[in-house]
Amino acid sequence: MHNNTAISELIEAGKWISQRGWVPATGGNFSARTNSGFVVTASGFDKGQLGSHTFIELDHVGNRSASAAKPSAETELHLCMYKLIPAANYVLHTHSVAATVLSRVIKGHSLDLDGYEMQKSLTGITSHLDTLSIPIFDNDQDIDRLSLLVSDHHLHMPIEHGVLIRGHGLYVVGRTISEVRRQLEGLEFLFACEIERLKLVGLES
Ligand SMILES: [Zn+2]
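Residues numbered from 1 in each chain as written. Predicted model: local features only at pLDDT ≥ 70, side-chain atom pairs only at ≥ 80, totals over all residues. Heavy atoms only, no water.

The name recorded for the chain in an unreviewed UniProt entry is Methylthioribulose-1-phosphate dehydratase, from Pseudoalteromonas arctica. In its Pathway (unreviewed entry) section, the UniProt entry covering the chain states "Amino-acid biosynthesis; L-methionine biosynthesis via salvage pathway; L-methionine from S-methyl-5-thio-alpha-D-ribose 1-phosphate: step 2/6." The chain has a UniProt comment under Sequence similarities (unreviewed entry) that states "Belongs to the aldolase class II family. MtnB subfamily." (UniProt positions renumbered as here; feature names shortened; annotations may be inferred.)

Have a look at this one:
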């Protein structure tokens, strides 16, 4: 895929994600794997109003080409996900209310969901009886350290759909733009359901 194609897809995805309220106040960042490396959103721009000048182009090892825009520190975690999951061509990172709150309320190292029909919106999940497990990592401003933790976790429990960062948000991966968008929407729906369920039955249930 050419950089320009990926940038157009991410601009379009950004409008949709912003309308859903999942990237408030310039939060979040998006990226894609391309023929020449990667494209990733620059820091500090409204993700609902992206343009070609709000992207940074990186080569295959993640070095940036000449660009005036500043990369987000979180770019490192995007590159980490691409390294761990060779099939991933897109990473969307959002700061939704549901992902932020749920990742704080769940004290363990993963959010484990079952019983929801909408789990099937995630690639590889074929039944509500399957357990969908999304690992949760404590937030860390040191992205290199966080990336190491994610890599280490992946060695013994491969990451399939994405990861939650506690009190921070979601990173979701996909092979195509439609797959990554579907998985993002599916996970956000499930997070919102789980919060509503916990409000009614309490944390121990
Ligand atoms: Zn973030």
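Once you've had a look at it, read on.
Another aspect to go through is a nonpolar patch on the surface. A cluster of nonpolar residues, Val 97, Val 101, Val 105 and Leu 203, forms a patch on the protein surface that exposes about 320 Å² of accessible area. Tracing the sequence through the fold places Val 101 in helix H3 (residues 97–105). On the basis of relative accessibility, which here comes to 36%, the residue Val 101 falls in the partly exposed class. (Patch = residues over 30% accessible without salt bridge, like charges linked within 9 Å, V, L, I, M, F, W, Y side chains within 5 Å. Areas by Shrake-Rupley, 256 points an atom, 1.4 Å probe, with all protein chains shown as cover. Salt bridge = Lys/Arg side-chain N within 4 Å of Asp/Glu carboxyl O. Helix = DSSP H or I, 4+ residues; strand = E, 2+ residues; numbered from the N terminus. Buried < 20%, exposed > 50% of the residue type's maximum accessible area, 1.4 Å probe, protein only.)

Our next topic: the coordination of the zinc ion. Protein coordination at the zinc ion comes from Glu 74 (OE), His 93 (NE2), His 95 (NE2) and His 168 (NE2), with a distance range of 2.1 to 2.3 Å. For the zinc ion, the four donor atoms in the first shell make angles of 79 to 159° at the metal, a pattern classed as irregular. Within one chain, the residues donating to the zinc ion are spaced in sequence as E-x18-H-x1-H-x72-H. Residue Glu 74 is located in the loop between strand S3 (55–58) and helix H2 (75–84), and its partner His 95 is located in the loop between strand S4 (90–94) and H3; the two are separated by 21 residues in the primary sequence. Given the relative accessible area of 22%, His 95 is considered partly exposed. (Donors = N, O, S within 2.8 Å, 3.2 Å for Na, K, Ca; no water. Tetrahedral: all angles 85-135°; square planar, octahedral: opposite > 155°, others 65-115°.)

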